[in-house]
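# Chains, contacts and geometry: an overview
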Amino acid sequence: LEGYLNTIFFGRNSYGVAAAAQAYFGKDIREVTDLREATYLAGLIRSPGRADAIDNPEAAHDRRKKVLVAMLEAGHITQEDYDATVDLPFDYVVPRQEAARNRTIKLADKGGSYITQYVYTALTGSPENYGLTAEQIAMGGLRVYTTIDPNMQAAAWDAIFNPEVNTEYPLNRDDLPQAALVSIDDQGNIKAMVGGRGDGIGTNFAVYGRGSSGRPVGSTFKPIVLAEAIRQGYSLEAMLPAPQQAEIPSIPGCDPWQPRNAGESEIPGQRIDLLTATQESVNTSYAHLIYELAMANGGSAESVIDMAEKLGMTREQIRSGCLTMVLGAHNSTPLEMAEVYSTFANKGVHKEPRLISRIERVDQDGNVTTVYQAPTKTSQALTELEAAKVTYALQQAMAEGTGTRAKLPWPAAGKTGTTGDNKDAWFVGFTPKLTTAVWMGFEHPDQVNQECIESAQEGNTEGQYADYAGHPEKCPLELARMGTVLNGKPVYDWQTVTGGSIPAIIWRLYMERATAGSTEGFRELTPEELRSGRDFESTIFTPDDEGDDDDRDRGRGRDDDRDDDDDDGRPGNGPGPRPTQPTIPDPTTTLPDTTTTIPDDTTTTTNPGFPGGPGWPPGPGNGND
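The notes below deal with the structure included here. Along every chain, residues carry numbers that run from 1 in the direction the sequence is written. This being a predicted model, a pLDDT of at least 70 is required before a residue's local features are given, and a value of 80 or more before pairs of side-chain atoms are given or counted; all residues contribute to the totals for chains, interfaces and linings. Side-chain measures here rest on the full set of heavy atoms in the structure, leaving out hydrogens and waters.

The way it works is that DSSP assigns letters per residue, a run of H or I at least four long becomes a helix, a run of E at least two long becomes a strand, and they are numbered from the N terminus. Counting secondary structure elements, the protein chain contains 19 helices and 16 strands. When the 625 residues of the protein chain are sorted by exposure, 56% land in the buried category. Long-range pairs, those at least 24 residues apart, make up 73% of the contacts in the protein chain with a sequence separation of at least 6. Total accessible area computed for the protein chain in this model is approximately 25,800 Å², and 48% of it derives from carbon and sulfur atoms. We call a residue buried when its accessible area falls under 20% of the maximum for its residue type, exposed when it is over 50%, and partly exposed in between, using a 1.4 Å probe and counting protein chains only. Whether two residues touch is decided by their heavy atoms; if any such pair falls within 4.5 Å, the residues are in contact. Note that accessible areas follow from Shrake-Rupley with a 1.4 Å probe, and for residues the cover is restricted to the protein chains shown.

Structure, rendered in structure tokens:
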């Protein structure tokens, strides 16, 4: 019974009776000595959210009365005790904001419940990872410190859902798409995590597990392919075809492929360089790129999968080694994509993310023992120069390419991503000290029309679903796309939601607050470093008209129609004028403290997550940004 009471959920993000005493009374569990408080906590065990006295005093009264009756019948209290307690007011239960001793609870309205769930599941699911046993966790008495920064957590939540911050496109209604955000600093510390619009009990879209198997990443996968190309020695100035539709030959085990660009981006008789292909997110150019990498590896794209794993992606999530992987048809999560891109920010050093920084045990006499201290796990995925080249390309994507709506007034780099039919939209980007991934999409983009199912099962031969009578399996999908494609749903005035639209805006709103005053820049590449590397060799890269130096000159800085994300999908809004490069603020600006601070929260919470929850199988997609 003691172990049970030390771990069960009591509401208000509190697990265990000790945390509940802090959450509801603002006091230590050893100070809970009177009957009114003890019976109140006992009444919370079944569906605690429904018996919170602040929100539902009548339900709380009924629960307390049932507990008192049971205690009276068992002889644990007298009739006088019962009469003195049963109708007492709940003025001893403090509002949520007054539970100041547990700072995690103060974040409950800013997505903190997802963090609580994540930590709790991590501890109870794999206690051995933290030097603990299941029995030790059940005994309670643990203080769990996280890397979350409360101010950054609030900024992340506000950027997505708060209409006072995101004044144009807050996703604060149930009829709007969901969104998730994860932010990691340059030491691998998770500083903010928002899993969705819910209360933390449902799907956590930020991680694997908790109902999520990830979502297709679209063109945010392209920088991984770019990194492998640079590692193999190819130049950012190496030339690639850029047709509207490409004909990519087969490789062993995979069929030929005909990828297309999302926009009319073909340049007749011309090729573009790798830098421009990244900046404009040109699908057909990247399809040619991964074919070249496969041909250089004996017809296999395994080297790209190896690079994805080195950068932090789960290898098993890349289900197919076929070339279509370049357009991001496989699943990932905001946590994982932030981990990948943080390797670029960290000059090629991969640092394993961590949310739990320290765990202490407190005995009955108040003595504190540290039982876990998070280690730093690093590996070299790229050289510093290789990472700098990827970063430079992603700076151009943000400054002049598909990610312009995410631009900051200080150095930053990033990439947009949108999956086929606008089911999912991403923006992942970084400054030298902070990497953030934003995902946006409907929870169930391909759900069956339930009205049709019910009508068909009942055999109705009248009404709009008469043709399906007796055949519910033939009912059409109810497509919840982010835009007008395939009977989707426009989001505010966006007829087509892409990674360069609302996700980029959310990213910018958060990063403006989280990195305010930043003056640190990325490594600058010399002209020789930019030009260094070799050109491509495959015959499909050499059209009948060989092209000339003018191709190379015209391949960058063009003003024609773009591939994808820069088209915002709203009537009358085209690419517009080319933005200028972001300027670095006055060097006298104070740089905020970037050292890791451990909040004073005592948490027992959530899920590092593992693949296997209900998800959406990735389609072939075209990676339409």
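Sheet strands pair via backbone hydrogen bonds, and the direction of the pair is either parallel or antiparallel. Any two strands are treated as partners once DSSP identifies two or more bridges connecting them. Sheet architecture is open: 3 strands sit in the order 1-9-10, paired in antiparallel fashion. Two strands lie at the open edges of the sheet, namely strand 1 (142-146) and strand 10 (368-373), each paired on one side alone. Direction aside, the axes of adjacent strands within the sheet are offset by 25 degrees on average. Here strand 9 (residues 356-362) pairs with strand 10 via 5 bridges, running antiparallel. For Arg358, the partnering residue across the bridge sits in strand 10 and is Gln373. To get an axis, a line is fitted to the C-alpha atoms, and for a helix only the part in contact is used. The angle between two axes follows their N-to-C directions and goes from 0 to 180 degrees. Contacts from helix 7 (residues 112-125) reach strand 1 and strand 9 within the one sheet, and its direction differs from that of strand 9 by about 65 degrees.

For the rest of this paragraph, the subject is the environment of Met511. Note that Met511 resides in helix 17 (residues 502-514). Among the residues examined, Met511 registers a relative accessible area of 0% and is labelled buried. For Met511 and Gly429, which are 82 residues apart along the polypeptide, the C-alpha to C-alpha distance reads 9.5 Å. Leaving out residues up to four positions away in the same chain, Met511 has contacts with Leu408, Trp410, Thr431, Leu434, Thr436 and Ala516.

A word on the nonpolar core. It is characteristic of soluble globular proteins that their nonpolar side chains tend to be buried jointly. Definition of nonpolar core: a set of buried residues of the types Ala, Val, Leu, Ile, Met, Phe, Trp, Tyr and Cys, connected through side-chain atoms within 4.5 Å. In terms of nonpolar packing, the biggest core is built from 91 residues, with Phe221, Val225, Leu289, Leu323, Phe344, Ile356 and Ile359 touching the most fellow members. The next biggest cluster of nonpolar side chains, apart from the first, holds 38 residues, and it includes Ala159, Leu181, Ala406 and Ala504.

Within the span of helix 13 (residues 302-311), buried status applies to Ser303, Val304, Ile305, Met307, Ala308 and Leu311. Its buried side turned inward, helix 13 meets helix 10 (222-231), helix 12 (283-295), helix 14 (334-345) and strand 8 (349-351). Directly after helix 13, the chain includes Gly312, whose backbone phi takes a positive value near 130 degrees.

Everything listed here is a matter of coordinates, which is why it stays silent on function.
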